[in-house]
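Listed below are the residues making up each chain.
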Amino acid sequence: MSIFSLFQKTDVLCPHCMRELSLSNMRFFCTYNQDRHHEIFLSILDRFHKRLPICSKNFCKGHGKPAGEAVCRFCGEPLPPQIMFHDKYLRFCVLGVAGAGKSSYLTTMLHELKYSGLPWVIQAMDSTTSKDSQAADYNVFEARHCPEGTKAGVAPKPQQWVILDNSGENEKSDHIPTYALTIYDGAGEDCEKVGDDDIDEMIRRYISGAKMLVIMFDPLLLTSVRASLSTDILNASMATERQTSAPTNMVTMVNSLANYIRRSCNILPGDKIDRQAAIVITKLDTLRDLPNGFGSSSTVMKSSPHAKMKGFVDSDSEMVDMEIRDWLKQQGETAFLDAIDANFMPNKVRVFGLSSFGQPPDHLKRLPTLTPHRVLDPIMWMLAAEGIVPIL
Ligand SMILES: Nc1nc2c(ncn2[C@@H]2O[C@H](COP(=O)(O)OP(=O)(O)OP(=O)(O)O)[C@@H](O)[C@H]2O)c(=O)[nH]1
Ligand SMILES: [Mg+2]
Ligand SMILES: [Zn+2]
Ligand SMILES: [Zn+2]
């Protein structure tokens, strides 16, 4: 793609503030003279051709060259070049109450994505993502410790990734498809707020800008599960400082999360949420040996076929969806399922189950050797919906 034809496509959002970008709401800089960064302004022709402005300063090393840096006019953050050159822009938001397992999931999911055997190169787009994800990855995979709770009240910076697709279908052309990926992991405490107090403006934009919502539920909040699980496993697998000992009603949880999403996306209270939503039951490892858990012969307990098959195996995912719904019914949680169907569009919602760690942590929150289970399933569903991986 030529550098001059950047803005022909529609889907350019600032990855930091999720506002739609056109040439006029970006500022451009010439970066050729390192000591003398200077702003370059768009000419009428630049606007007409939707192209980057060119430095016309006499004696500048960058004279005649297009701007080397762009900044979002709304939030002032620099725009990584990948955000302008990508073929597809994927954005997803991980939501759920405190301690549901969101941050643990993201860390292991990204780790698995890098080593999944899929023909992709995953690169951090900015230095914050690179630094933060390295620290999170080290904490979980090397130091083997559960993540800290995510800070509430303010929007944490979303992670910005880029996927280079080497699957070779385009061998003849010299173009490698690239997908920009923005992932937002909020604090559970923020999602739990009910009532109409203002949601942080930034959090609101991340949620409404997301293509897919990953909504996580902790099975350890179910009364039937708590009754049959050992106290040791229960304590080790809960964010004890954040999750209250009294189990929260799952129905209230779905409804309040749905309202939180509605308020963020300006959806009327009576309307269903028209957004791809993955409903994810976390910490599956704790249910493995329970009499009222999932048997080892169930599909959800078997390893995931998607990455191995380099596509999204729809029949497997439908089976998992069905098994979890059946299981929830057996636990007496029909109202939870009804609440999901009442809030989300039936053809856009799917139930997933996963375990980020594969086994429970110990009482000091230290982790055993990690064996993440089905952590790529929700993202493979999104990639399939975007036409990036085939539906098998
Ligand atoms: N057994 C088990 N426990 C898990 C798993 N994932 C997370 N946990 C437990 O859940 C706790 C909370 O996990 P986090 O990933 O921090 O949860 P969060 O949703 O990010 O929480 P907030 O940041 O407070 O919103 C961890 O400290 C672990 O004890 C898992 O796969 N298996
Ligand atoms: Mg967290
Ligand atoms: Zn911005
Ligand atoms: Zn210049």
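This structure is a prediction, so every number in the text was calculated from the model and none was measured. (Residues numbered from 1 in each chain as written. Chains lettered and ligands numbered in written order. Predicted model: local features only at pLDDT ≥ 70, side-chain atom pairs only at ≥ 80, totals over all residues.)

Some thoughts on the nonpolar core
A general feature of soluble globular proteins is that nonpolar side chains tend to end up buried together. The biggest cluster of nonpolar side chains holds 94 residues, and the ones touching the most others in it are Cys93, Val214, Ile215, Ile279 and Val280. With 7 residues, the single largest contributor to this core is helix α9 (residues 250-265). Mapping this core onto the domain boundaries places at least three of its residues in each of domain 1 (3-83) and domain 2 (86-385). In terms of nonpolar packing, the next biggest core, distinct from the first, is built from 5 residues, Ala136, Val140, Cys146 and Phe357 among them. (Core = buried A, V, L, I, M, F, W, Y, C linked by C-beta atoms within 7 Å. Buried ≥ 20, exposed ≤ 12 C-beta atoms within 10 Å, placed from the backbone. Helix = DSSP H or I, 4+ residues; strand = E, 2+ residues; numbered from the N terminus. Domains from an automatic or database assignment.)

With respect to the domain arrangement of the protein chain
When its domains are assigned, the protein chain resolves into domain 1 (3-83) and domain 2 (86-385). Distance between the C-alpha centres of domain 1 and domain 2: 35 Å. Opposite the 8 residues of domain 1 that make contact, domain 2 presents 14 residues. (Contact = placed C-beta atoms within 7 Å.)

A word on the sheet that holds strand β8 (residues 212-217)
Read from one edge to the other, the open sheet built from 7 strands follows the order β5-β6-β7-β4-β8-β9-β10, with strand pairing classed as mixed. Of all the strands in the sheet, just β5 (120-124) and β10 (349-353) have a single pairing partner and so form its edges. Here the average twist between neighbouring strands, direction ignored, is 25°. In this structure, strand β9 (residues 276-281) lies alongside β10, joined through 5 bridges in parallel fashion. Bridge pairing in β10 places Ala278 opposite Arg350. (Pairing = 2+ DSSP bridges. Axes fitted to C-alpha atoms, helices over the stretch in contact; angles between N-to-C directions.)

Describing the site of ligand 1
Around ligand 1 sit 28 residues, and of these Lys102, Ser103, Ser104, Thr150 and Gly188 come closest. Of the residues forming the shell around ligand 1, the biggest block, 3 residues, is contributed by helix α3 (residues 102-114). A breakdown of the residues in the shell around ligand 1 according to their chemical character gives 10 nonpolar, 13 polar and 5 charged. (Near = placed C-beta within 6 Å. Nonpolar A, V, L, I, M, F, W, Y, C, P; charged D, E, K, R; others polar.)

What to know about the pairing of strand β7 (residues 178-185)
For β7, the tally of buried residues reaches 7 of 8 residues, placing the bulk of the element in the interior. Here strand β4 (residues 88-96) pairs with β7 via 7 bridges, running parallel. Following the sheet pairing, Lys88 is matched in β7 by Tyr179. Here strand β6 (residues 159-165) runs beside β7; their pairing, made up of 6 bridges, is antiparallel. If you follow Gln160 over to β7, its bridge partner there is Thr182.

Considerations on the confidence of the model for the protein chain
For the protein chain, per-residue confidence averages 86 on the pLDDT scale, and residues scoring 70 or more make up 91% of the total. Across residues 1-5, where pLDDT falls below 50, the model places 6 contacts with residues more than four positions away in sequence or in other chains. (pLDDT = per-residue confidence, 0-100.)

Brief notes about helix α11 (residues 314-330)
The terminal C-alpha atoms of α11 lie 24 Å apart, and with 17 residues this matches the ideal 24 Å at 1.5 Å per residue to within 8%. Taken as a whole, α11 has its buried residues at Ser317, Val320, Ile324, Trp327 and Leu328. The buried side chains of α11 occupy one side of the element, clustering within an arc of 100° when seen end-on. Across from the buried face of α11, at angles greater than 90 degrees, the exposed residues are Ser315, Lys329 and Gln330. Here the buried face of α11 lies against β9, α12 (334-343), β10 and α13 (377-385). Gly332 sits one or two positions beyond α11 and adopts a positive phi of about 80°. (Expected span 1.5 Å × (residues − 1). Arc of directions from axis to C-beta.)

Brief notes about the sheet that holds strand β1 (residues 26-30)
Taken together, 3 strands build an open sheet; the order of strands is β2-β1-β3 and the sheet is antiparallel. Looking at the sheet topology across the chains shown, the edges are occupied by β2 (38-40) and β3 (69-72). Averaged over neighbouring strand pairs, the angle between their axes works out to 40° when direction is ignored. Across 3 bridges, β1 lies against β2 in antiparallel orientation. Across the sheet, residue Phe28 finds its bridge partner in β2, namely Ile40.

Side note on the pairing of β8
Among the 6 residues that make up β8, 6 are buried, leaving the element largely enclosed by the rest of the structure. Neither face of β8 is open: one carries Met212, Val214 and Met216, the other Leu213, Ile215 and Phe217, and all of them are buried. Where β4 and β8 come together, 5 bridges link them in parallel fashion. Bridging across to β8, Cys93 finds its partner in Leu213.

Points about the packing of α3 against helix α4 (residues 127-142)
Closest axis-to-axis distance for the α3/α4 pair is 10 Å, and the angle between their directions is 95°. In terms of their interaxial angle, α3 and α4 are classed as roughly perpendicular. Every residue of α4 that contacts α3 at Thr107, Thr108, Leu110 and His111 is listed here: Ser133, Ala136, Asp137, Val140 and Phe141. Residues belonging to the contact of α3 with α4 are distributed by class as follows: 4 nonpolar, 4 polar and 1 charged. (Parallel < 35°, antiparallel > 145°, perpendicular 65-115°, else oblique.)

Digging into the packing of helix α6 (residues 201-209) against α9
Axis separation between α6 and α9 bottoms out at 8 Å; the angle between their running directions is 95°. By the criterion of interaxial angle, the relationship of α6 to α9 is roughly perpendicular. Seen from α6, the contacting residues are Arg204, Ile207 and Ser208; seen from α9, they are Ile261, Ser264 and Cys265. Split by residue class, the contact of α6 with α9 holds 3 nonpolar, 2 polar and 1 charged.

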